[in-house]
Amino acid sequence: MSVIVDFAIFPMDKGDSLSPYVARAIKIINESGLSHKLHPMGSCIEGEWEEVMSVIDRCFQELKKDCNRINVNFKADYRKSEPGRMERKIASVEAKI
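Here the residue index of a chain counts from 1 through its sequence in written order. Thresholds applied to this predicted model are a pLDDT of at least 70 for local features of residues and 80 or more for the giving and counting of side-chain atom pairs; totals over whole chains, interfaces and linings are not thresholded and use all residues. As a rule here, side-chain values come from all non-hydrogen atoms in the structure, and water together with hydrogens is ignored.

1. Examining the sheet that holds strand S4 (residues 70-79)
Right, on to step 1. On the basis of which strands lie adjacent, the open sheet formed by four strands has the order S2-S3-S1-S4 and antiparallel pairing. Only two strands of the sheet have a single partner each, and these edge strands are strand S2 (35-39) and S4. The mean inter-strand angle of the sheet, taken between neighbouring strand axes irrespective of direction, is 15°.
Right, on to step 2. Between any two strands, pairing holds if DSSP finds at least two bridges. A run of DSSP states H or I qualifies as a helix once it reaches four residues; a run of E qualifies as a strand once it reaches two. Both are numbered from the N-terminal end. Inspection of the sheet shows strand S1 (residues 2-11) paired to S4 by ten bridges, in the antiparallel sense. By the bridge assignment for S4, Ala8 is matched with Asn73. Lines fitted to C-alpha atoms define the axes, with helix axes restricted to the stretch in contact, and inter-axis angles between N-to-C directions lie between 0 and 180 degrees.

The following block contains the structure:
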C-alpha cells in the first residue's frame, strides 16, 4: 500500500525569495528516507500514509518556528499497491509517447 502526495509548503510573510524556507522543508524530506522528487512547484513523496503525513507535519513545524503565515498545499493518491508507483506512473506514460 502506498500514497503519493504532491506537496508544497512556503511562508507567506517572508518576501519574494522563499527558497531558504523551502530548502528547510526539502532537507526534512531528504532525511525522511521516503521516495521523493523535487519539482519546480513542490515535491512528490511516496510512502505509507502515516509516514508521509509525519514528514509534512515536520516540515510545517520547522517553518512555524519563524514564520507567521504558512501556505500548505497537497493532493494525495492512495492505492493498495507496492511502493515505486512514482516511477511506474511516469514510465507508463513515457512508453506511450
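2. Observations regarding the nonpolar core
Right, on to step 1. The biggest cluster of nonpolar side chains holds 19 residues, and the ones touching the most others in it are Phe7, Val52 and Cys59.
Right, on to step 2. For this core, the secondary-structure elements that each account for two or more residues are S1, helix H1 (19-31) and helix H2 (49-64).
Right, on to step 3. Per element, the largest residue contribution to this core is six residues, and it comes from H2.
Right, on to step 4. Contacts between residues were defined by any pair of non-hydrogen atoms, one from each residue, lying within 4.5 Å. Among all residues touching Val52, those that are not within four sequence positions of it are Val3, Val5, Leu34, Ile45, Glu46 and Gly47. We call a set of buried residues a nonpolar core when its members are Ala, Val, Leu, Ile, Met, Phe, Trp, Tyr or Cys and they connect through side-chain atoms within 4.5 Å of each other. Burial classification: accessible surface area is computed with a 1.4 Å probe over protein chains only, and a residue below 20% of its type maximum counts as buried, one above 50% as exposed, and the rest as partly exposed.

3. Quick word on the packing of H1 against H2
Right, on to step 1. In contact at an axis separation of 9 Å, H1 and H2 are set at 145° when each is read in the N-to-C sense. Here H1 and H2 pass one another in a crossing that is right-handed. Contact residues: H1 offers Tyr21, Arg24, Ala25, Ile28 and Ile29, while H2 offers Val55, Arg58, Cys59, Glu62 and Leu63.
Right, on to step 2. Basically, the charged four are Asp, Glu, Lys and Arg, the nonpolar ten are Ala, Val, Leu, Ile, Met, Phe, Trp, Tyr, Cys and Pro, and anything else, Gly included, counts as polar. Per-class residue counts for the contact of H1 with H2 are seven nonpolar, no polar and three charged. Note on convention: the crossing is left-handed when the near helix lies turned anticlockwise from the far helix by less than a right angle, right-handed when the turn is clockwise.

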